[in-house]
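# Structural description and commentary
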Amino acid sequence: MIRDDLAAGVLGALEALGVDPLPESIQLERPANREHGDWSTNVALASAKRAGRNPRELAQELATYLASNELAHVDSVEIAGPGFINFRLKPTWLHDVLVEVVQGGADGYAAPDLGAGERVNVEFVSANPTGPVHAGHARGASHGDSLARLLERTGHQVTREFYINDRGVQMARFGESLAARKAGEEPPEEGYLGQYIVDWASEMPDGVDPVEWGKQRAIEDQKEVLGSFGVVFDRWFSEMSLVDSGAITTTLNELLSRGVAYEADGATWLRSTDFGDDKDRVLVKSDGEYTYLLPDIAYHRDKFSRSDRLINVWGADHHGYIVRMKAAMASLGEDADKLEVEITQLVDLLKDGEPVRLSKRAGTVIELRDVIDEVGADAARLTYLLQSIDSRQTIDLAEVASQGMDNPVFYVQMAHARIHGIARKAAETGIVRGPLADASLALLVHERELEVLRSLSEFPDVVAIAARDRAPHRITTWVRELAGTFHGFYHDCYVVADDVAPELADARLQLVEAARVGLSIGLDLLGVSAPEQL
RNA sequence: GCCCUCGUAGCUCAGUUGGAUAGAGCGACCGCCUCCUAAGCGGUAGGCCACAGGUUCAAUUCCUGUCGAGGGCACCA
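Residues numbered from 1 in each chain as written. Chains lettered and ligands numbered in written order. Predicted model: local features only at pLDDT ≥ 70, side-chain atom pairs only at ≥ 80, totals over all residues. Heavy atoms only, no water.

### Focus on the overall build of chain A
When you go through chain A residue by residue, the secondary structure sums to 19 helices and 15 strands. Buried residues in chain A amount to 51% of all 534 residues. A fraction of 71% describes how many contacts in chain A between residues 6 or more apart in sequence connect residues 24 or more apart. When the accessible surface of chain A is split by element, carbon and sulfur atoms take 48% of a total near 23,800 Å². Distance between charge centroids for chain A: 2 Å, based on 53 positive and 86 negative side chains. (Helix = DSSP H or I, 4+ residues; strand = E, 2+ residues; numbered from the N terminus. Buried < 20%, exposed > 50% of the residue type's maximum accessible area, 1.4 Å probe, protein only. Contact = heavy atoms within 4.5 Å. Areas by Shrake-Rupley, 256 points an atom, 1.4 Å probe, with all protein chains shown as cover. Lys, Arg positive; Asp, Glu negative; His and termini not counted. Charge placed at Lys NZ, Arg CZ, Asp CG, Glu CD.)

### Notes on the sheet that holds strand S9 (residues 267-270)
Spatially, S8-S9-S10 is the arrangement adopted by the 3 strands of the open sheet, whose pairing is antiparallel. Of all the strands in the sheet, the pair left with one neighbour each is strand S8 (261-264) and strand S10 (281-284). Taken pair by pair, the neighbouring strands of this sheet meet at an average axis angle of 45°, ignoring direction. Most of the contacts of helix H11 (residues 293-305) go to S10, to which it runs at about 80°, and overall it touches S9 and S10. (Pairing = 2+ DSSP bridges. Axes fitted to C-alpha atoms, helices over the stretch in contact; angles between N-to-C directions.)

### Some points on the sheet that holds strand S13 (residues 347-351)
Taken together, the 3 strands give an open sheet; going across it, the order is S14-S13-S15, and neighbouring strands pair in mixed fashion. Edge positions in the sheet fall to strand S14 (354-356) and strand S15 (393-396), since each of these pairs with one other strand and no more. Across the sheet, the mean angle from the axis of one strand to that of its neighbour is 35°, orientation sign disregarded.

### Considering the nonpolar core
Counting 117 residues, the largest nonpolar core has Phe 87, Leu 226, Phe 229, Phe 459 and Ile 475 as its most contacted members. The element that contributes the greatest number of residues to this core is helix H19 (residues 502-526), accounting for 14 residues. Residues within four places of Phe 87 in sequence aside, it is in contact with Leu 6, Val 10, Leu 28, Gly 37, Asp 38, Trp 39, Thr 41, Leu 66, Leu 71, Val 74, Ser 76 and Val 77. Within the second largest apolar cluster, 28 residues are counted, among which are Leu 255, Met 325, Met 329 and Ile 343. (Core = buried A, V, L, I, M, F, W, Y, C linked by side-chain atoms within 4.5 Å.)

### Quick word on the pairing of S13
Looking along a regular strand, one sees the side chains alternate between the two faces of the sheet. With 4 bridges connecting them, S13 and S15 associate as parallel partners. By the bridge assignment for S15, Val 347 is matched with Gln 393.

### Points about the domain arrangement of chain A
Split by domain assignment, chain A resolves into domain 1 (2-90), domain 2 (96-112 + 405-526) and domain 3 (124-240 + 345-401). Once you take the C-alpha centre of each, domain 1 and domain 3 turn out to be 53 Å apart. (Domains from an automatic or database assignment.)

Structural data, given as structure tokens:
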């Protein structure tokens with residue numbers, strides 16, 4: 001790797017000049033401005049004070065030393081600004097990148113092992129089993145699944161989990177609503193008003209328990225829609241099963257015996273104020289019924305028993321529960337830092353420029369199914385992953401559905417389709433990509449070609465950062481950039497044409513293959529398909 | 001009142017655990033099709049990175065405060 005080679009060179013230079021190396025590793029970065037070279041380091045700035053030297057002078061001495069030593073791929077070493085050392089490299093370093101990408105392939109390239117097999121449980125969506133998955137769940141679904149894919153790629157053992165809240169008052173209302181509709185009546189006060197209740201009620205056989213039947217019906221529906229969205233869970237975990245197994249009672253008793261739960265005013269409370277909460281929280285109401293919190297604690301405890309780390313993807317309306325859940329875990333002796341909660345900010349949906357209000361009970365939801373029908377699963381997923389989950393998002397369905405240039409998904413998929421267009425054209429002409437080892441990669445010196453390779457060279461870092469920061473949208477940004485560089489290459493550098501020599505055509509086919517690998521990996525991480533033709 | 005997130009080009013948003021002259025897409029304007037899809041490519045215009053302090057050789061980035069937007073502070077889930 002070029003970065004390691006350069007870092008080793010810089011370290012050698014520091015030692016030669018008698019400057020103590022920094023405790024941290026040598027920082028090599030990619031300058032934002034291309035005029036500042038291909039790679040750059042700030043060691044002179046960072047260690048000037050410690051060495052008691054002027055940063056510019058130190059940089060100059062280091063640069064002189066580095067320039068007098070042969071370093072692979074290095075063309076020149078310069079100093080600039082307050083004391084940066086900039087490396088200008090020969091195109092050969094990018095040819096090495098090409099080899100790495102093609103040899104690594106879709107499975108091997110940009111797959112840093114950051115997790116060392118850590119078992120990570122990612123829980124997301126967890127919509128109530130009282131109706132279909134709606135558009136409001138889709139951001140969490142996209143984020144959670146992409147995050148799971150990122151973690152898998154970076155050496156984690158991932159479980160995708162869906163928690164089913166199949167207990168409590170909402171379920172009762174759901175069952176009553178189904179029964180009422182089946183009897184041709186209006187749902188009760190506080191019941192569910194959606195059209196799907198009417199549809200499902202008409203399917204419901206006589207003599208079944210509406211709650212149990214409805215729950216199965218809802219879960220079946222959720223699985224189907226999420227599946228068509230590219231999201232498949234490893235485990236659907238029922239809240240009821242915690243009652244049946246006695247896990248809730250066990251958890252409650254343990255909380256009591258540890259003294260972090262207590263009884264007062266006829267209810268049982270969690271002493272969450274000991275862990276920074278505003279007030280203590282009720283676990284068991286005075287009527288004997290559990291709040292949502294106690295089963296949730298039992299559930300997280302169960303997850304901890306089979307995972308090294310938990311990640312929950314919750315909507316912004318749940319952020320207030322983070323402290324109390326962490327408090328509960330800490331009080332049970334778990335490491336609360338191993339419970340990460342990802343909060344997705346809300347999505348404002350626009351239809352024809354008008355805001356759409358989502359209310360499940362009033363029945364004015366837009367189902368995820370409708371979104372997929374309208375814009376397609378690919379466009380929907382990529383759109384949700386366009387931005388950081390920390391930002392509020394506005395999605396105009398008409399824009400997402402448009403097949404114009406304002407739609408990133410077409411731009412990116414077009415790049416992939418063009419790759420296969422080239423392959424088709426090459427096959428017609430009888431041109432076949434030869435063995436990589438025989439390719440004349442030195443012929444790849446066109447700026448457009450180098451841009452594609454530069455973009456690919458950044459991908460392993462992008463994957464690592466995206467995984468570390470739990471930020472799948474970084475993959476989206478990168479994929480769009482790679483697609484952009486590829487469109488430029490496609491426009492200016494023909495692969496199959498009369499005036500392209502066979503050796504160059506072959507080298508370009510290798511580059512196209514590298515781009516294909518990069519795009520496939522990126523799109524797969526996003527859960528977006530990579531069609532060979534549009 | 002307290003807690004969380006956000007405030008960057010006309011619009012939608014990026015910005016690598018602090019780096020050099022802050023980027024992309026759309027929209028506007030100007031160019032490019034005898035050749036692998038012009039669903040594309042190139043160029044121009046457009047910025048007090050909300051505001052004020054602080055830390056630092058260096059702040060859009062970290063800290064504090066102010067203003068503005070959204071969400072949350074239940075014996076509902």
